[in-house]
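# Overview (structure and organization)
Read off the chains here:
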Amino acid sequence: MLRVENLKVHFKTELGIVKAVDRVSFDLREGEKFTLIGESGSGKSVLAQAILRLLPENAIVAGKIIFKNRNILELSEREMRKLRGKEIAWIPQSQNSLNPVLSVGFQCAEPLIEHFKVSKRRAFSRVFKIFKFLGIESKKAKNYPHQFSGGMKQRVLVAMGLSAEPELLIADEPTKGLDANKIGQIIKIFKKINKTMLIITHDLRFADKLSDRVAVMYCGEVVEISPAKDFFSSPLHPYSKGLLDSLPSRGLKPIKGFQPSMIDSPKGCKFRERCEHSIEACKKTPPVITLNDRLVRCWLYAKRREIEKNV
Amino acid sequence: MEFAQGTIFRSKLLNNNLCLIGFGILAFITLMGVLAPVIAKNPYKTNIAERLEPPNLKHPFGTDQLGRDVYSRVVWGVRTTLLVALTISLMSMSIGCFLGAIAGYFGGIVDDIIGRVIDVFLAIPELVFNIALVGVFCLAYGESIWNVILAVVITNWVSYARIMRGIVLSLKEREFVLCEKALGAGDLYILIRHVMPNAIGPMIVLATLNMGNVIMTIASLGFLGLGIQPPTPEWGQMINAGKNYITTAPWLTFFPGLFIAVSILGFNLLGEGLQEVMDRERIVET
């Protein structure tokens, strides 16, 4: 449904070129919940914004983003506007994304009025349906964002994203700033939503409970893509292993070192300097290796012959 | 809970003394203007036999050099001043807000052009510019009340534009703008429907405080003989006519002057009060 091919997003800054997203490829299948996992600053949100072309002007984007046989990067701004919200909707990560001076009901009805030119009343009756689905009382529709708690705002944002019936929903850190209880509610809600979803999170337990497939991002690169079940039982990439081991339930073992700067990240495998298994070959860019339905960008899984060729 | 915001705002307004006093003064003055036909006599009627009479029971504010009742002229003057000032404020607010918002939101060359125009207007002393403009308009189109209105609007929109630009500049970086874009809204729609409503508060404060300045300018132009022309009652022009008699008949200048001062005070108090209530940082140096 959505295919990202060799996507690069670079930012020109005074200090040099920031490679926020580097050579990322993945595809989303109809109806699945695909989760991008990664620590802060690994380029997850930039990737999401690149898909909707919401990046600031100093971003250099290369590669292909194919959505329903169209390359999003080649669409005109007009076509883009028709696509945003109606075909691909974005649930922003900050709860400040609601306009403080407009009622939440109106803000949810807006995409409908804009995209389908329906009357205000019809738009609102649809919004009430979505509100009911998400467990928000209809009478709250005329309230303003400051009258809502964080969890409620998050639900309103989900309602906004859902209102124009998009085919793909991109949720950018939907659990940010919510407590465990509210995260549980969001998981329930997301499970009920029967749409293709791209979820971006750094909350591993959230990803575990929700996703069909998982992609791990490290330093702008996707290092592993696996079905969620396999990922959480047997991660392939050393970084994925490190991530899971750092969970409290699995020993609370931190990964040593820090994520390298995106301006002059190490050549070859970017995780090399923090990796326990690094070998001589890791100084060269690792290949993407396919193992059944899993992908991993790591020399450890390459055939001996290939490694020797590169050393 | 339902209308919490409105209720809190109202109670804050009612508990703010500045607001109340300012509003009281303005309500009183406006009421005088509205009721002018009832509470005042004909402001144009001359009576040479009763010229330059000091305040008495028949003429509470005395009479002028043509024997016209100063009280009636001052009261009718409320209408002139307030209507002209309101027109000027509304016009310059719409022009200023629009241009400022566009400059702030779109940036780039649009911002450069509007920004430089604002700078040029700010560089010229306002009153001098007004005088020049009124003079030019008078020569070009003849005497009319619109000369004054247009001249003041031309200098006055700048302050709205400058402040609106600043507000929009910070508002457009807020997350909800990005969120709206992600939902497929266009730039103009976002600007008008989402960004500008967030700027209404400071704009109302600015407009209120600005009304005082506008009244002052109208009166100044009137005093210089460039404003609203006699015999239409207007405070500045009344002071101008009375200044020759200031030693023998001070009431000719005192009462119009008092009304100018009090109405400006009213707007400034209300503006300051609103600013406090709206809990925003000071946007205008007064």
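Residues numbered from 1 in each chain as written. Chains lettered and ligands numbered in written order. Predicted model: local features only at pLDDT ≥ 70, side-chain atom pairs only at ≥ 80, totals over all residues. Heavy atoms only, no water.

## Side note on unusual backbone geometry
Cis geometry marks the peptide bond from proline 230 of chain B to proline 231 of chain B; its omega dihedral reads 10°. The topology assignment puts proline 231 of chain B in the loop between α10 (200-223) and α11 (235-242). (Helix = DSSP H or I, 4+ residues; strand = E, 2+ residues; numbered from the N terminus.)

## Some details on the sheet that holds strand β3 (residues 33-37) of chain A
Residue and element names in this part refer to chain A. Read across the open sheet, the eight strands follow the order β6-β7-β8-β3-β9-β10-β12-β11; overall the sheet is mixed. Both edges of this open sheet fall to β6 (88-91) and β11 (288-291), since each of them pairs with a single strand only. Strand-to-strand twist across the sheet, computed as the mean angle between neighbouring axes with direction ignored, equals 20°. Packing against the sheet, helix α1 (residues 44-51) makes contact with β3, β6, β7 (168-172), β8 (196-201) and β9 (213-218), and its axis sits at approximately 145° to β8. Of the strands in this sheet, β3, β9 and β10 (221-227) touch helix α9 (residues 238-245), which is tilted by about 100° from β9. (Pairing = 2+ DSSP bridges. Axes fitted to C-alpha atoms, helices over the stretch in contact; angles between N-to-C directions. Contact = heavy atoms within 4.5 Å.)

## Brief notes about the pattern of salt bridges
Residues and elements named next belong to chain A. Taken as a whole, this structure holds 23 salt bridges over all chains when the rule is applied. Here lysine 68 ties to glutamate 167 by a salt bridge, and the two come within 2.7 Å at their closest N and O atoms. Of the two residues, lysine 68 sits in the loop between β4 (59-67) and β5 (70-71) while glutamate 167 sits in the loop between α5 (150-162) and β7, which places them 99 residues apart along the sequence. Accessibility expressed as a relative area gives 37% for lysine 68, which makes it partly exposed. Owing to a relative accessible area of 31%, glutamate 167 belongs among the partly exposed residues under this scheme. Put simply, glutamate 221 and lysine 270 hold a salt bridge, and the shortest N to O gap is 3.8 Å. Of the two residues, glutamate 221 sits in strand β10 while lysine 270 sits in the loop between α9 and β11, which places them 49 residues apart along the sequence. For the pair glutamate 221 and lysine 270, one class covers both residues: buried. (Salt bridge = Lys/Arg side-chain N within 4 Å of Asp/Glu carboxyl O. Buried < 20%, exposed > 50% of the residue type's maximum accessible area, 1.4 Å probe, protein only.)

## Considering the packing of α10 of chain B against helix α12 (residues 251-278) of chain B
Residues and elements named next belong to chain B. At a minimum axis separation of 9 Å, α10 and α12 run at an interaxial angle of 165°. Looking at the two axes, α10 sits roughly antiparallel to α12. The two elements α10 and α12 cross, and the hand of that crossing is left-handed. Note on element contacts: α12 touches α10 through Ile260, Ser263, Ile264, Phe267, Asn268, Leu270, Gly271, Glu272, Leu274, Gln275 and Met278, opposite Gly201, Ile204, Val205, Thr208, Leu209, Met211, Gly212, Ile215, Met216 and Ala219. By residue class, the composition of the contact of α10 with α12 is 13 nonpolar, seven polar and one charged. (Parallel < 35°, antiparallel > 145°, perpendicular 65-115°, else oblique. Left-handed = near helix turned anticlockwise from the far one by under 90°. Nonpolar A, V, L, I, M, F, W, Y, C, P; charged D, E, K, R; others polar.)

## Concerning the pairing of strand β2 (residues 16-28) of chain A
All names here are of chain A. Pairing geometry for strand β1 (residues 2-13) and β2, over nine bridges, is antiparallel. Residue pairing across strands places leucine 2 opposite leucine 28, the latter belonging to β2. Remark: two residues form the turn of the hairpin made by β1 and β2, two consecutive strands paired antiparallel.

## Some thoughts on the interface of chain A and chain B
Between chain A and chain B, the contact holds 29 residues from the first and 21 residues from the second. Across the chain A-chain B interface, the total number found is zero salt bridges. At the surface where chain A touches chain B, the tally comes to six residue pairs in polar contact (both at pLDDT 80 or more). Elements with a minimum of two residues in the side of chain A that touches chain B: β6, α3 (104-116) and α5 of chain A. Among the elements that line the side of chain A that touches chain B, the one with the most residues is α3 of chain A, at five residues. (Polar contact = N/O pair within 3.5 Å; in protein donor to acceptor, adjacent residues only side chain to side chain.)

## Digging into the environment of serine 25 of chain A
Residue and element names in this part refer to chain A. By the secondary structure assignment, serine 25 is in strand β2. Note on serine 25: relative accessible area 37%, which makes it partly exposed. Separated by 98 residues in the primary sequence, serine 25 and alanine 123 have C-alpha atoms spaced 37 Å apart. Setting aside residues no more than four positions away along its own chain, serine 25 makes contact with Val4, Glu5, Asn6 and Ile225. Reaching out from serine 25, the side chain makes a polar contact with the backbone nitrogen of asparagine 6 at a distance of 2.8 Å.

## A few points about the nonpolar core
Ranked by size, the top nonpolar core spans 68 residues in total, and within it Leu2, Val9, Ile72, Ile88, Ile170 and Phe232 of chain A carry the most contacts. Broken down by element, the residue count for this core peaks at six residues, all from β2 of chain A. Those residues within four positions of isoleucine 170 of chain A in sequence are excluded, and the remaining contacts are Ala48, Ile51, Leu52, Ile88, Ala89, Trp90, Ile91, Leu198 and Ile200 of chain A. Among the nonpolar cores identified, the runner-up in size contains 51 residues, and Phe61, Ile218, Ile239 and Ile264 of chain B belong to it. (Core = buried A, V, L, I, M, F, W, Y, C linked by side-chain atoms within 4.5 Å.)

## A few points about the sheet that holds β5 of chain A
All names here are of chain A. Taken in spatial order, the four strands line up as β2-β1-β4-β5 in an open sheet, and their pairing is antiparallel. Two strands lie at the open edges of the sheet, namely β2 and β5, each paired on one side alone. Alignment of β1 against β4, held across eight bridges, turns out to be antiparallel. Within β4, the residue paired with lysine 8 across the bridge is alanine 62.

## Some remarks on a positive patch on the surface
All names here are of chain A. On the surface, Arg78, Arg81, Lys82 and Lys117 cluster together into a positively charged patch. Within the secondary structure, arginine 78 sits in helix α2 (residues 77-83). Overall, the relative accessible area of 67% leaves arginine 78 in the exposed class. (Patch = residues over 30% accessible without salt bridge, like charges linked within 9 Å, V, L, I, M, F, W, Y side chains within 5 Å. Areas by Shrake-Rupley, 256 points an atom, 1.4 Å probe, with all protein chains shown as cover. Lys, Arg positive; Asp, Glu negative; His and termini not counted. Charge placed at Lys NZ, Arg CZ, Asp CG, Glu CD.)

## Re the pairing of β8 of chain A
Residue and element names in this part refer to chain A. Most of β8 is tucked away, with six of its six residues classed as buried. The two faces of β8 match: Thr196, Leu198 and Ile200 on one face and Met197, Ile199 and Thr201 on the other face are all buried. In this sheet, β8 lies alongside β3 in parallel orientation, the contact comprising five bridges. Each residue of the ladder has a partner; that of leucine 36, found in β8, is isoleucine 200. Here β7 runs beside β8; their pairing, made up of five bridges, is parallel. Along β8, the bridge assignment pairs leucine 169 with methionine 197. A crossover links β7 with its parallel partner β8, the connecting element being helix α6 (residues 180-192), and its sense is right-handed. (Right-handed = clockwise from strand over helix to strand, strands pointing away.)

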